[in-house]
Number of protein chains: 2
Amino acid sequence: MSTPDRSDRIKGVLSPVVTPFKADLSPDPERFVKQCRWLLSQDVGLAVFGTNSEANSLSTEEKIELLDRVVAGGVDPGRLMPGTGCCALTDSVRLTAHAMKLGAGGVLMLPPFYYKGVSDDGLFRSFAEVIERVGDRRLRLYVYHIPPVSQVPITLGLIERLLRAYPDVVAGVKDSGGDWKNTKAMLDAFAAGGFDVFAGSETFLLANMRGGGAGCISATANVNPAAIARLHDTWKSADADAQQTRLDVIRGIFAKFPMIPALKAAVAHYGGESSWATVRPPLVALTREQRSALTTELDGQGFTMPGLRS
Amino acid sequence: MSTPDRSDRIKGVLSPVVTPFKADLSPDPERFVKQCRWLLSQDVGLAVFGTNSEANSLSTEEKIELLDRVVAGGVDPGRLMPGTGCCALTDSVRLTAHAMKLGAGGVLMLPPFYYKGVSDDGLFRSFAEVIERVGDRRLRLYVYHIPPVSQVPITLGLIERLLRAYPDVVAGVKDSGGDWKNTKAMLDAFAAGGFDVFAGSETFLLANMRGGGAGCISATANVNPAAIARLHDTWKSADADAQQTRLDVIRGIFAKFPMIPALKAAVAHYGGESSWATVRPPLVALTREQRSALTTELDGQGFTMPGLRS
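Read on for a plain summary of the structure.

What counts, and where the lines are drawn
Numbers given to residues run from 1 along each chain, matching the order in which its sequence is written. Going through the entries in the order they are written, you letter the chains from A and number the ligands from 1. Reporting in this predicted model follows two pLDDT cut-offs: at least 70 for local features of residues, and 80 or more for side-chain atom pairs to be given and counted; totals over whole chains, interfaces and linings ignore these cut-offs and use all residues. The side-chain values count all of the structure's non-hydrogen atoms but skip hydrogen atoms and water molecules. Secondary structure elements follow DSSP: runs of H or I no shorter than four residues count as helices, runs of E no shorter than two count as strands, and numbering proceeds from the N terminus. Here's how the labels work: a residue is buried when its accessible area is under 20% of the maximum for its type, exposed when over 50%, partly exposed in between, all with a 1.4 Å probe on protein chains only. Residue exposure ignores everything except the shown protein chains as possible cover, and the areas themselves are Shrake-Rupley values with a 1.4 Å probe. This count recognises Lys and Arg as positive and Asp and Glu as negative, with His and chain-terminal groups excluded. To locate a charge, the coordinates of NZ of Lys, CZ of Arg, CG of Asp or CD of Glu are taken. Pairing between two strands is assigned when DSSP locates at least 2 bridges connecting them. Residue contacts follow a heavy-atom distance rule, with two residues in contact if any of their heavy atoms lie within 4.5 Å. Lines fitted to C-alpha atoms define the axes here, with helix axes fitted over just the stretch in contact, and angles between the N-to-C directions of these axes take values from 0 to 180 degrees. Computed with a 1.4 Å rolling probe, the buried area is the accessible surface lost when two parts are put together, summed over both parts. Each salt bridge in this description consists of a side-chain nitrogen of Lys or Arg and a carboxyl oxygen of Asp or Glu lying within 4 Å of one another. What qualifies as a polar contact is a pair of N or O atoms within 3.5 Å, subject to a donor-acceptor requirement within protein and to the restriction that residues adjacent in sequence count only when both atoms come from side chains. Amino acids outside the nonpolar list (Ala, Val, Leu, Ile, Met, Phe, Trp, Tyr, Cys, Pro) and the charged list (Asp, Glu, Lys, Arg) are all regarded as polar, and Gly is one of them. Residues below a pLDDT of 70 in either copy are left out; the C-alpha atoms of the rest, at least 70 in both, set the least-squares superposition of the copies. Only Phe, Tyr and Trp rings are paired, with Trp represented by its six-membered ring, and only when their centres lie within 6.5 Å; those with planes under 30 degrees apart are stacked, over 60 edge-to-face, the remainder tilted. Angles are sorted into four bins: roughly parallel if under 35 degrees, roughly antiparallel if over 145, roughly perpendicular if 65 to 115, and oblique for all others. By convention a crossover is right-handed if, when the strands point away from the viewer, the path from the first strand over the helix to the second runs clockwise. The span one expects for a helix is its residue count, reduced by one, times 1.5 Å.

Here we look at the overall build of chain A
Tallying secondary structure elements over chain A gives 12 helices and seven strands in all. Along the first, second and third principal axes, the C-alpha set of chain A runs to 55 × 50 × 40 Å. Counting only residues that meet the buried cut, chain A has 60% of its 310 residues in that class. Summed over its atoms, the accessible surface of chain A is roughly 11,400 Å², and 52% of this surface lies on carbon and sulfur atoms. In chain A, 34 side chains carry a positive charge and 33 a negative one; their mean positions are 1 Å apart.

Focus on the sheet that holds strand S7 (residues 215-217) of chain B
Sheet strands associate in pairs through backbone hydrogen bonding, adopting either a parallel or an antiparallel arrangement. All names here are of chain B. Spatial strand order, S2-S1-S7-S6-S5-S4-S3: seven strands in an open sheet with parallel pairing. One side of each edge strand has no neighbouring strand; the edge strands of this open sheet are strand S2 (45-46) and strand S3 (107-109). Judged from the three bridges that link them, S3 and strand S4 (residues 141-145) form a sheet pairing that is parallel. Opposite leucine 108, over in S4, you have tyrosine 142 as the bridge partner. Strands S3, S4 and strand S5 (170-175) of the sheet are contacted by helix H4 (residues 120-134), whose axis makes an angle of about 155° with S4.

Some details on the interface of chain A and chain B
On the chain B side, the residues contacting the 46 residues of chain A number 46 residues. Interface area, chain A with chain B, both sides summed: about 3,400 Å², of which 60% is carbon and sulfur. Taken as a group, Tyr114, Tyr115 and Pro282 of chain A account for 24% of the area that chain A buries against chain B, more than any other trio of residues on that side. Counting every contact that joins chain A to chain B gives two salt bridges. The salt bridge partner of glutamate 61 of chain A is arginine 94 of chain B, with a shortest N-O separation of 3.9 Å. At the junction of chain A with chain B, the criterion picks out 16 residue pairs in polar contact (both at pLDDT 80 or more). Top contributing element to the side of chain A that touches chain B by residue count: helix H4 (residues 120-134) of chain A, with seven residues. Taken together, the residues of the side of chain A that touches chain B break down into 23 nonpolar, 11 polar and 12 charged.

Here's the deal with the sheet that holds strand S1 (residues 12-15) of chain A
Residues and elements named next belong to chain A. Ordered by their spatial adjacency, seven strands build an open sheet running S2-S1-S7-S6-S5-S4-S3, and the pairing between neighbours is parallel. The open sheet has two free edges, formed respectively by strand S2 (45-46) and strand S3 (107-109), since each of these has just one partner strand. Pairing of S1 with S2 involves two bridges; the strand directions are parallel. Paired with serine 15 across the bridge in S2 is leucine 46. With respect to the sheet, helix H9 (residues 225-233) is in contact with S1 and strand S7 (215-217), its orientation differing from that of S1 by roughly 155°.

Let's talk about the pattern of salt bridges
All names here are of chain B. Enumeration according to the criterion identifies 38 salt bridges over all chains in this entry. For lysine 184, the salt bridge is made with aspartate 188, and the minimal N-O distance between the two is 2.9 Å. Separated by four residues within a single helix, lysine 184 and aspartate 188 lie in helix H7 (residues 180-190), roughly one turn from each other. The exposure class assigned to lysine 184 is partly exposed, which follows from its relative accessible area of 36%. The partner of lysine 256 in a salt bridge is glutamate 297, with the nearest N and O atoms 2.9 Å apart.

Details of the environment of serine 150 of chain A
Within the element layout of this structure, serine 150 of chain A appears in helix H5 (residues 147-150). Between the C-alpha atoms of serine 150 of chain A and proline 112 of chain A, which are 38 residues apart in sequence, the distance is 8.4 Å. Serine 150 of chain A has contacts with Leu110, Phe113 and Lys116 of chain A together with Tyr114 and Lys116 of chain B, leaving out every residue within four places of it along the chain.

A few points about the relation of the copies chain A and chain B
Overlay of chain A on chain B (RMSD 0.0 Å): rotation 180°, translation along the axis 0.0 Å. This pairing of chains is accounted for by a two-fold axis. When C-alpha distances to the rotation axis are compared across chain A, the minimum falls at tyrosine 114 of chain A, with a value of 4.0 Å.

A closer look at the packing of aromatic side chains
All names here are of chain A. This model, assessed by the stated rule, comprises 17 aromatic pairs over all chains. Aromatic side chains tyrosine 142 and phenylalanine 198 sit 5.8 Å apart centroid to centroid with 75° between the ring planes, which places their arrangement in the edge-to-face category. Highlighted residues: tyrosine 142 in strand S4 (residues 141-145) and phenylalanine 198 in strand S6 (residues 196-199), separated in sequence by 56 residues. Given a relative accessible area of 1%, tyrosine 142 falls into the buried group. Accessibility expressed as a relative area gives 0% for phenylalanine 198, which makes it buried. Measuring from centroid to centroid gives 5.9 Å for tryptophan 180 and phenylalanine 204, while their planes differ by 25°, and the two rings are stacked.

Re the packing of helix H10 (residues 240-254) of chain B against helix H12 (residues 288-300) of chain B
All names here are of chain B. For the pair H10 and H12, interaxial distance at closest approach is 10 Å and the crossing angle is 170°. In this view, H10 runs roughly antiparallel relative to H12, as classed from their interaxial angle. Where H10 abuts H12, its residues Ile250, Ile253 and Phe254 lie against Leu294, Glu297 and Leu298. Its residues placed into classes, the contact of H10 with H12 shows five nonpolar, no polar and one charged.

Regarding the pairing of strand S6 (residues 196-199) of chain B
Residue and element names in this part refer to chain B. Residues Asp196 and Phe198 point to one face of S6 and Val197 and Ala199 to the other, with burial holding for every one of them. Pairing of S5 with S6 involves four bridges; the strand directions are parallel. Bridge assignment links glycine 172 to a residue of S6, and that residue is aspartate 196. Since S5 and S6 lie parallel, the crossover through H7 that links them has a hand, and here it is right-handed. Across two bridges, the pairing between S6 and S7 is parallel. The partner of alanine 199 across the bridge, within S7, is cysteine 216. Handedness of the β-α-β unit built from S6, helix H8 (residues 205-210) and S7 comes out right-handed.

A word on H4 of chain B
All names here are of chain B. Relative to the 21 Å expected for 15 residues at 1.5 Å per residue, H4 spans 21 Å between its end C-alpha atoms, a close match to the ideal helical length. Every buried residue belonging to H4 is among Gly122, Leu123, Phe124, Ser126, Phe127, Ala128, Val130, Ile131 and Val134, and all of these are buried. Just past H4, the residue glycine 135 takes up positive phi, approximately 55°.

Structure (structure tokens):
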């Protein structure tokens, strides 16, 4: 058995790109493509359809349409790691196959998340069915561990089984559990074998790089992309810890508010397009007072989003 | 304002109809229609696409196809209360509108269940958007409270707001929280106003009827329909408590196993069609040993499923 070539794998910092909505709550492909291009200009890859993208408030058709528009808009599909894990096996297969057809560099896959307390046997079978049905050797699958939201964890045992069955396909994990000990355990168990561990926020970026990780996929990469990417690129430099501290300050401000509405409020404010603040139910936009408190704190830190305002 | 006519509302016992799959895991419309007709023959209504239907493992397209086939198969659409609440607003609207086009007697609606800790404001807006977009005065909406699975509760305050805004549409609730105190609080707050409270299992059927409830929507109505329907129809009779005790014994046997695979194993065994045992991932079918333990216990109680075997 030959060792697979891993040199073309996605690394670094990715943003779960926030999804813009029109007044009627339909997705706005034009603003979405523009946002993707801006993020790429900041050296950040595109984990579109993540939790922070409100992806699970979008239908499969809406996601396919947005993906088509992004690629038609000239975005390099190799920089895309769309979220394609749905509750229904058939939706996950359809969306993953479509991402592969477009040449996506990888897919980030939630486990089916409605039924709780399911077994690793059932989850293994779920991922395996998607892999087999998509049937594309180019597929690079990143499993998505986010128990605070999905309530369905990805255990180390499950990863081990998936790696054994599909060593060329199962490429890594995003760990959004918020528990560094778990990320560390994944690094220790699998990183040396070429399995790419992405921290679920830049809070753990430096620790993750030092532990042999691949980068991070973080909500706040939507708003602070260049600084987070810089730490990834220079994590061995003398000022790495100072960079991490600075990232934590900005992250800490956003964390005082409901995250997704706060990200969108910042994009709206610093990009000068108020329509960005719109969220789909069940989320609720920040109040005027919350928006003001957020931007006052950010301004106090000299925070900007360079190049966003067109 | 006139009082709406509520005489045609769905009452009694409904089954979250288990969904049959073929060997390739696609839904089997023929067996599904047959099962619906058998349940109706047992005096049980059709809450198709419930939790126990593995509905959240089906795509919206698959649900629409099954609904079309059931109505084309001669089932009275007035006996249907399909689950139409999805994570994505657009899916919930599409499925609910389709159910109304077919003349469904009601719809049972989960809140969007991916994002956790969402506010009643956000949930109100979510249900309101579906109601407004479907825009059908015939719509009878039952909210679905199942916090052990959805992790997103339907509070009494949310029901109150929905009833105030849409008194003719918001028709009732299914309470699958497993906490009788909560069901009782819903009855006390809303039943006198014509809001129909369905217990989430027959365990609380007699208590629910005595408290002014409308019936129950229960997993085990898939396997023990006639006996549960009989208690609903005769709850004022002298033997009602004895009936309840007897129902609890059968329910208790199923509750020793993973519920959905156990229901399907029983349908497969007592109906003589082994293909019924198939579940979609992430669920896992009962093992041979579990199946044997289940049917041995049921046989010991003289359990049968009359008329199921064709």
